[in-house]
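# Breakdown of the fold
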Amino acid sequence: LSEAVEEGAANLARERATALLAEGVEAEEVLRFGLLDAMERVGQRFKTSEIFVPEVLLAARAMQAGLSVIEPRLRRNAIGSRGTLLLGTVEGDLHSLGKNLVRIFAKSAGFTVIDLGVDVAPGVFLDAAKRHPEATVVGMSALLTTTMPIMRTVIERFEAEGLRSRFRFIVGGAPVSERYASEIGADGFGPDAATAADQLKAWASEQRPTAGRGA
Ligand code: B12
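A brief report on the enclosed structure follows. (Residues numbered from 1 in each chain as written. Predicted model: local features only at pLDDT ≥ 70, side-chain atom pairs only at ≥ 80, totals over all residues. Heavy atoms only, no water.)

Before going further, it helps to spend a moment on the sheet that holds strand S1 (residues 84–89). Read from one edge to the other, the open sheet built from five strands follows the order S2-S1-S3-S4-S5, with strand pairing classed as parallel. Edge strands, defined here as strands with exactly one partner in the open sheet, are strand S2 (112–115) and strand S5 (188–189). Taken together, the six bridges between S1 and strand S3 (residues 135–141) define a ladder with parallel strand orientation. Opposite Leu86, over in S3, you have Val138 as the bridge partner. Sheet contacts for helix H6 (residues 122–131): S1 and S3; angle to S1, the most-contacted strand, approximately 165°. (Pairing = 2+ DSSP bridges. Helix = DSSP H or I, 4+ residues; strand = E, 2+ residues; numbered from the N terminus. Contact = heavy atoms within 4.5 Å. Axes fitted to C-alpha atoms, helices over the stretch in contact; angles between N-to-C directions.)

As structure tokens, this is what we get:
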């Protein structure tokens, strides 16, 4: 499976992921050793200019194909809705895989996820917040150092519109750190999708944020 992902062979990735599940391999193992490790190697080869954007794009498609096969298994423990998360990759940024994993893990932890997609402008997060009064968490993904600052802009726009106190903000993506998260006024950071889901669960078991927090 990891070879199929590295080679960007989406159909093969789908077939192999299906076969692994049929053989009884756990979805979490397929994710870790079949998909994430492969994408890690793709990242390394991209960094050293051994491969270029088209190959990375094909690998990403193959990873997405594998992800869609294991998604129902990863979600099998879902237990009704614990809350609603607005999720998106920020404006100018087209990286979707990490965000999609956060979506899958959040859903399997029992959250309803409104996935706003990639290249999400601050105004789109705001509109979604207004359209979904049940939402209490905003999750933002950024994979580029040039798009990370948009996360701060989003939080500032929520503050300006008086919506900040309704939400907790959780941020993530390869260049994002705990320190950066606190610098921009986010409430949480997730180095990976599993940690993100743990944070959501911890917040869900607490009370909603009180008015004025994070101002
Ligand atoms: C795949 C990929 C692409 C694909 C994306 C396809 C897709 N559909 O997503 C394509 C080919 C489109 C692409 C394009 C570009 N890319 Co690119 N890409 C990558 C690559 C190789 C892997 C990223 C990935 O999907 N990883 C797998 C996922 C699962 O991991 P993840 O995203 O980090 O997510 C995990 C955590 O970060 C966290 N997480 C993620 N989001 C969130 C959100 C929340 C709320 C939380 C809590 C947690 C969380 O949980 C996730 C799962 O555990 C990285 C290399 C790398 N090491 O990251 C470069 C990388 C991010 N890309 C890079 C660059 C430069 C580009 C381009 C500018 C290249 C170009 N010259 O055009 C363009 C920019 C396009 C744009 N405007 O967005 C650089 C960024 C450098 C920088 N410092 O900013 C990197 C680091 C590669 C490098 N070393 O140079 N890329």
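Here we take up the coordination of the cobalt atom of the ligand. Just one protein atom coordinates the cobalt atom of the ligand, and that atom is His95 (NE2), at 2.3 Å. Assignment of secondary structure puts His95 in the loop between S1 and helix H5 (97–108). (Donors = N, O, S within 2.8 Å, 3.2 Å for Na, K, Ca; no water.)

A separate point is the pattern of salt bridges. A complete count under the given rule lists eleven salt bridges for this structure. A salt bridge links Glu71 to Arg103, with the nearest nitrogen and oxygen atoms 3.9 Å apart. Here the residue Glu71 occupies a position in helix H4 (residues 53–74), and Arg103 occupies one in helix H5, the gap between them amounting to 32 residues. Here Arg103 falls in the buried class, since its relative accessible area comes to 16%. Between Asp187 and Arg164 there is a salt bridge, and its shortest N-O distance comes to 3.0 Å. Taken together, the residues Asp187 in the loop between helix H8 (178–183) and S5 and Arg164 in the loop between helix H7 (148–160) and strand S4 (168–172) connect sequence positions 23 residues apart. (Salt bridge = Lys/Arg side-chain N within 4 Å of Asp/Glu carboxyl O. Buried < 20%, exposed > 50% of the residue type's maximum accessible area, 1.4 Å probe, protein only.)

What follows is about the pairing of S2. Here S1 runs beside S2; their pairing, made up of four bridges, is parallel. What sits directly across from Leu87, in S2, is Asp115. Handedness of the S1-H5-S2 crossover: right-handed. (Right-handed = clockwise from strand over helix to strand, strands pointing away.)

In a packed pair of helices, the relevant descriptors are the angle between the two axes and the axis-to-axis distance. The N-to-C vectors of H4 and H5 enclose an angle of 0°; their axes lie 11 Å apart at closest approach. Classified by the angle their axes make, H4 and H5 are roughly parallel. Seen from H4, the contacting residues are Ala60, Met63, Gln64, Leu67, Glu71 and Leu74; seen from H5, they are Leu97, Asn100, Leu101, Arg103, Ile104 and Ser108. Looking at side-chain class alone, the contact of H4 with H5 contains seven nonpolar, three polar and two charged residues. (Parallel < 35°, antiparallel > 145°, perpendicular 65-115°, else oblique. Nonpolar A, V, L, I, M, F, W, Y, C, P; charged D, E, K, R; others polar.)

As a matter of local geometry, the ligand sits amid 34 residues, with Leu94, His95, Ser96, Ser141 and Thr145 nearest to it. Within the contact set of the ligand, a nitrogen atom lies 3.0 Å away from a backbone nitrogen or oxygen of Gly92. Residue Leu94 places a main-chain N or O atom 2.6 Å away from an oxygen atom belonging to the ligand. Breaking the shell around the ligand down by element, the ones donating at least two residues are helix H3 (27–47), H4, H5, S3, S4 and helix H9 (193–205). Take the shell around the ligand: its biggest share by element is five residues, from H3. For the shell around the ligand, the per-class residue count stands at 20 nonpolar, eleven polar and three charged. (Near = heavy atom within 4 Å. Polar contact = N/O pair within 3.5 Å; in protein donor to acceptor, adjacent residues only side chain to side chain.)

Along its twelve residues, H5 runs 17 Å from first to last C-alpha, staying within 8% of the 16 Å computed at 1.5 Å per residue. For H5, the buried fraction is high: nine of the twelve residues fall into the buried class. For H5, the complete set of buried residues consists of Leu97, Lys99, Asn100, Leu101, Arg103, Ile104, Phe105, Ala106 and Ser108. Lining the buried residues of H5 we find H3, H4, S1, S2, S3 and H9. Backbone geometry just downstream of H5 places Gly110 in the positive-phi region, at approximately 100°. (Expected span 1.5 Å × (residues − 1).)

Attention shifts here to the nonpolar core. Counting 39 residues, the largest nonpolar core has Val5, Leu31, Leu35, Met39, Met63, Leu67 and Ile70 as the members making the most contacts within it. Top contributing element to this core by residue count: H4, with eight residues. Not counting the four nearest positions on each side in its chain, Leu67 is found in contact with Leu31, Leu35, Asn100, Leu101 and Ile104. Listed in part, the 28 residues of the second largest apolar core include Leu126, Phe167, Tyr180 and Ala181. (Core = buried A, V, L, I, M, F, W, Y, C linked by side-chain atoms within 4.5 Å.)

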